[in-house]
Amino acid sequence: MLRKAKVSAMFLRIACLMLLTQPVLAGVIYTWVDENGVTHYSQQPPEQEQSKTQQLYSEDIEPGKIGYIAPVKKDAPPEMSESEKSAALIKEKDAKQAEAICENAKHNLDVLTTHTKLTRQADGNKEPVAMTEEERQAAISENQQRIKLFCNKK
């Protein structure tokens, strides 16, 4: 007897679950504009004969998205730094000078990145002085900036 009650309860649960999970039956939706210019939507056809009644089928209607899209702040174009302004001016006025600066920076960067033990001339002194790693990294950064400013991007 207890076993029959369990089977009946299980069957009842399955039946309820099947009824609740059935998809909503699609239907016809009527739309028309009345004499006042108001658009109406209904599952019942209009009482008066409307010449411009349209039938829409609910399975063809695309559901609207739920929620909203957060506004995005538009960034202003970045301001040019003084070095970028002067580089643009040099490129505009003297293309040969800009090209020479570009080639010189490329050569210097090549030397700085391929060699680690470098020497430089000290200010006002003709004796070579060994470059420290910090000076080398600063020179690499400076030449990369010059390449960015003066070399045309292809």
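Residues numbered from 1 in each chain as written. Predicted model: local features only at pLDDT ≥ 70, side-chain atom pairs only at ≥ 80, totals over all residues. Heavy atoms only, no water.

With that out of the way, let us pick up the overall build of the chain. When helices and strands are tallied, the chain shows four helices and five strands. Written out in order from the N terminus, the α and β elements of the chain read α-β-β-β-α-α-β-β-α. Counting only residues that meet the buried cut, the chain has 15% of its 154 residues in that class. A sequence separation of at least 24 residues applies to 45% of the contacts in the chain between residues at least 6 apart. When the accessible area of the chain is evaluated, it comes to approximately 14,100 Å², of which 56% is carbon and sulfur surface. (Helix = DSSP H or I, 4+ residues; strand = E, 2+ residues; numbered from the N terminus. Buried < 20%, exposed > 50% of the residue type's maximum accessible area, 1.4 Å probe, protein only. Contact = heavy atoms within 4.5 Å. Areas by Shrake-Rupley, 256 points an atom, 1.4 Å probe, with all protein chains shown as cover.)

In this section: the pairing of strand β2 (residues 39–42). Note: strand β1 (residues 28–33) against β2, four bridges, orientation antiparallel. Across the sheet, the residue bridging to W32 is H40, located in β2. Between β1 and the antiparallel strand that follows it, β2, lie five residues; G37 among them carries a positive phi value of about 85°. (Pairing = 2+ DSSP bridges.)

With that out of the way, let us pick up the side chain of N143. Tracing the sequence through the fold places N143 in helix α4 (residues 133–150). Not counting residues within four places of it along the chain, the set of residues in contact with N143 comprises A105, N108, L109 and L112.

Our next topic: helix α3 (residues 95–114). With 20 residues, α3 should reach 28 Å at 1.5 Å per residue; the first-to-last C-alpha distance of 29 Å fits that figure. Among the residues of α3, A98, C102, A105, L109 and L112 are the ones counted as buried. Along the axis of α3, the buried residues cluster in a sector spanning 100°; they form a single face. Across from the buried face of α3, at angles greater than 90 degrees, the exposed residues are K96, E99 and T114. Contacts made by the buried residues of α3 are with α2 (82–93) and α4. (Expected span 1.5 Å × (residues − 1). Arc of directions from axis to C-beta.)

Our focus in this paragraph is the state of the cysteines. Using the criterion set out here, one finds one disulfide in the structure. Put simply, C102 and C151 are joined by a disulfide, and their sulfur atoms are 1.8 Å apart. The sign of the 105° torsion about the S-S bond sets the C102-C151 disulfide as right-handed. Here C102, found in helix α3, pairs with C151, found in the segment after α4; they are 49 residues apart in sequence, far enough to count as distant. Since its relative accessible area comes to 6%, C102 is described here as buried. (Disulfide = S-S within 2.5 Å.)

Strand order in the open sheet made by the three strands is β2-β1-β3, with antiparallel pairing throughout. Of all the strands in the sheet, the pair left with one neighbour each is β2 and β3 (54–57). Taking each pair of neighbouring strands and ignoring which way they run, the sheet shows an average axis angle of 25°. (Axes fitted to C-alpha atoms, helices over the stretch in contact; angles between N-to-C directions.)

Before going further, it helps to examine the environment of Y30. Here Y30 shows up in strand β1. As for Y30 and Q44, which are separated by 14 residues in sequence, their C-alpha atoms are 6.7 Å apart. Every residue in contact with Y30, bar those within four places of it in the chain, is listed here: H40, Y41, S42, Q43, Q44, P45, T53, Q54 and Q55.

Attention now goes to the packing of α3 against α4. Contact geometry for α3 and α4: axes closest at 9 Å, N-to-C directions at 150°. By the angle between their axes, α3 is roughly antiparallel relative to α4. When the axes of α3 and α4 are compared, the crossing they make is left-handed. Packed against α3, whose contacting residues are A98, I101, C102, A105, K106, N108, L109, L112 and T113, the element α4 presents R136, A139, I140, N143, Q144, R146, I147 and F150 at the interface. Across the contact of α3 with α4, the residue classes tally to 10 nonpolar, four polar and three charged. (Parallel < 35°, antiparallel > 145°, perpendicular 65-115°, else oblique. Left-handed = near helix turned anticlockwise from the far one by under 90°. Nonpolar A, V, L, I, M, F, W, Y, C, P; charged D, E, K, R; others polar.)

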